[in-house]
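Fold and contact review
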Amino acid sequence: MKGAVIESMKKTIGKLAIIFYSVAILVVGCSSTNSDTQSTNKKNSQANLAGKPMSPISKGENGEKERKFLTHPGKYSGNKYDVTKVKAEIKKAPLDWTREQYMEYLLSLLAEDYRPTIKKFNHLSTKVNVNTPGIGTQIELPTEKKVHFSILLDASGSMKTKIGGKSKMDIAKQAVKKFTSTLPKNAQISLRVYGHKGSSNGADKATSCNSTEEIYSAEGYQASQLQSALNSVTASGWTPIAKAIESVKQDVSSEITDSYIYVVSDGEETCGGDPVVAAKNLNQSNVKTIVNIIGFDVGSTGQQSLKQVATAGGGEFIAVSNEAALNNYLDEQYDALKKEWRKWIDEGTDLAEDQGKEIHEKAKGIQKELRDQAGVEYERLQSAKNWFKDHLKEQSDKNYSSSNHPSSLIYHGIIERRSKILNYANDRRFEKFMDSSKESRNEKSRIIDEGHDKIKDINNNKN
């Protein structure tokens, strides 16, 4: 009994399995059929759209121009072109169509897809923007450079001497202030005074010769802070140039990459030091330091001595005899800065001009691409028209005349279509040319105005 029950269950399960697999096959079959049907419908839908007018992809006036020629791509457009297949399609065409029907039929076979090329025009920006950074009214150093400028001001007793009614010290202070204002605004700047203690008497020599002090340290030119430091200096003692140069090591941090010293002095070393050795050692130290000397009203012997110091320090010696000569030297720094701005203007306007030309060249390239595409379509349409004529000749027994048949009249339609596309391409190129030219002119004007404003600021600073 038990065995009979089990056998009955096996038969039932077997029947269910057969039913399940049958249903599965039917479902899969239906699904596959539906998928194939959808795919076929999609292809048929695309085929039905071929050669039909399509909505423009641009806005405004350009969109209206596209509406006159833009159609869905033909069945054999682009690299799908096949002479044999096109000829076969032409023989399928009825012989009693109108000119418009024949033209539409040819486009359904051969109309090119102009959308990708038109999109290139739409995506071509005519913006001209020169990002060359300005120089400022002060020189600015590259960010990777850490530069230190040390100004060493002679405060020896001889700086009390007057030239043209003003003391050398007052002239030197004004020059230091003016010179500091021309230095890079992101540089570290220090002002160190020497010989400012004691007096020029022998009894105070030791005190004076050991006197050197950093009285100003800041990033860039800080006018009020520098003026306050200069006001505290009084000409009084001896001239310890060597000690002042050696002491610069205290002012230069380890992160500095380049260091420059400008020694302002009206005479040579009077404290027994050796400024030549001091300058040479500093020049050859880990942070290479260039030592420059501004000799203010220095005699011939003193000039020779100070030149040797500058040479040892890898720098230059500048001799000035009075306030006018000193100001002339400093004015050269401003002139160099103005020259940089003029160079900036020239380079910037050239870049703006080049950007405008580059945009126009790109527009011309897109225009050519569109013209070439229209040329290919034109040749294929003309060939198809001729094949229609040949087909009509084959049907001569039916009294079809190839000379006045509507299919022969589409010649003008083909020419008219190409003309619309070429005019469109030319208009888009010209539009980009005008826009980029205007942008280029505006950018050049901006650069020129900014440059001239900065030069004006430099002149104001100079004065």
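Below or above, wherever it landed, is the structure these notes cover. The structure displayed is predicted, hence computed values, not measured ones. (Residues numbered from 1 in each chain as written. Predicted model: local features only at pLDDT ≥ 70, side-chain atom pairs only at ≥ 80, totals over all residues. Heavy atoms only, no water.)

A few words now on the overall build of the chain. From N to C terminus, the chain includes 13 helices and eight strands. The buried share of the chain, reckoned over its 463 residues, is 42%. Here the analysis covers contacts within the chain between residues at least 6 apart in sequence; of these, 80% occur between residues at least 24 apart. Approximately 24900 Å² of the chain is accessible, and the part contributed by carbon and sulfur atoms is 49%. (Helix = DSSP H or I, 4+ residues; strand = E, 2+ residues; numbered from the N terminus. Buried < 20%, exposed > 50% of the residue type's maximum accessible area, 1.4 Å probe, protein only. Contact = heavy atoms within 4.5 Å. Areas by Shrake-Rupley, 256 points an atom, 1.4 Å probe, with all protein chains shown as cover.)

Another aspect to go through is the nonpolar core. Counting 33 residues, the largest nonpolar core has L153, L191 and I294 as the members making the most contacts within it. Sort the elements by how many residues they give to this core and helix α6 (residues 168–181) lands first, with six residues. What L191 contacts, discounting residues up to four positions off in sequence, is I151, L153, V176, E213, E214, I215, Y216, L226 and L230. Counting residues in hydrophobic clusters, the runner-up holds 26 residues, among them M54, I118, L124 and I345. (Core = buried A, V, L, I, M, F, W, Y, C linked by side-chain atoms within 4.5 Å.)

Another aspect to go through is the packing of α6 against helix α8 (residues 223–231). Think of two packed helices as two axes; the pair is described by the angle between the axes and how far apart they sit. Two numbers describe how α6 lies on α8: the axes approach to 11 Å, and their chain directions differ by 160°. Classified by the angle their axes make, α6 and α8 are roughly antiparallel. Judged by the sense of rotation from one axis to the other, the crossing of α6 with α8 is right-handed. For the pair α6 and α8, the contacting residues are K173, V176, K177 and T180 in the first and L226, Q227, L230 and N231 in the second. A per-class count over the contact of α6 with α8 returns three nonpolar, three polar and two charged. (Axes fitted to C-alpha atoms, helices over the stretch in contact; angles between N-to-C directions. Parallel < 35°, antiparallel > 145°, perpendicular 65-115°, else oblique. Left-handed = near helix turned anticlockwise from the far one by under 90°. Nonpolar A, V, L, I, M, F, W, Y, C, P; charged D, E, K, R; others polar.)

Attention shifts here to the sheet that holds strand β7 (residues 289–296). Ordered by their spatial adjacency, six strands build an open sheet running β5-β4-β1-β6-β7-β8, and the pairing between neighbours is mixed. Each edge of the open sheet is held by one strand with a lone partner, namely β5 (212–219) and β8 (314–320). The mean angle between the axes of side-by-side strands here comes to 15°, regardless of whether they run parallel or antiparallel. Relative to strand β6 (residues 258–265), strand β1 (residues 147–154) runs parallel, the two sharing seven bridges. Residue H148 lies in a different strand from β6, and its bridge partner there is S259. Across the sheet, α6 touches β1, β4 (188–194), β6 and β7, and the angle it forms with β1 is around 170°. Those strands touched by helix α11 (residues 300–312) are β7 and β8, and its axis lies near 155° from that of β8. (Pairing = 2+ DSSP bridges.)

So, on to the packing of helix α10 (residues 275–283) against α11. α11 packs onto α10 with a crossing angle of 15° between their chain directions and a minimal axis gap of 7 Å. Judged by the angle between their axes, α10 and α11 are roughly parallel. Crossing geometry of α10 relative to α11 is assigned as right-handed. Together, P275, V276, A279, K280 and N283 of α10 and Q308, V309 and A312 of α11 make up the contact between the two elements. Across the contact of α10 with α11, the residue classes tally to five nonpolar, two polar and one charged.

What follows deals with the environment of M169. In this fold, M169 is placed in helix α6. For M169, the residues in contact, after removing those within four places along its chain, are L153, D154, A155, M159, V233 and A235.

Structurally, R192 is set in strand β4. Within the structure, the side chain of R192 is placed 2.7 Å from the side chain of D251, a separation counted as a polar contact. Residue contacts for R192: discarding those within four places in its chain leaves I151, L152, L153, T212, E213, E214, A244, S247, V248, Q250 and D251. (Polar contact = N/O pair within 3.5 Å; in protein donor to acceptor, adjacent residues only side chain to side chain.)

A word on the packing of aromatic side chains. Across all of its chains, the model carries nine aromatic pairs by this definition. Both rings, one in W97 and one in Y105, keep their centres 5.3 Å apart while their planes meet at 70°; by these two values the pair is edge-to-face. Relative accessible area serves as the criterion here: at 22%, W97 is assigned to the partly exposed category. For Y105, a relative accessible area of 15% translates into the label buried. Each ring, one from F430 and one from F433, has its centre 6.3 Å from the other, and the planes form 40°; the classification is tilted. With F430 and F433 both in helix α13 (residues 410–462), this residue pair falls three residues apart, about one helical turn. Among the aromatic side chains, those forming a connected cluster through ring pairs are W97, Y102, Y105 and F388. Geometry around Y81 places R380 over its ring, the cationic atom sitting 4.1 Å from the centre. Here the guanidinium or amino end of R418 rests over the ring plane of Y378, the centre of that ring lying 3.9 Å away. (Phe/Tyr/Trp six-rings, centres within 6.5 Å; stacked < 30°, edge-to-face > 60°. Lys NZ or Arg CZ within 6 Å of the ring centre and 35° of its normal.)

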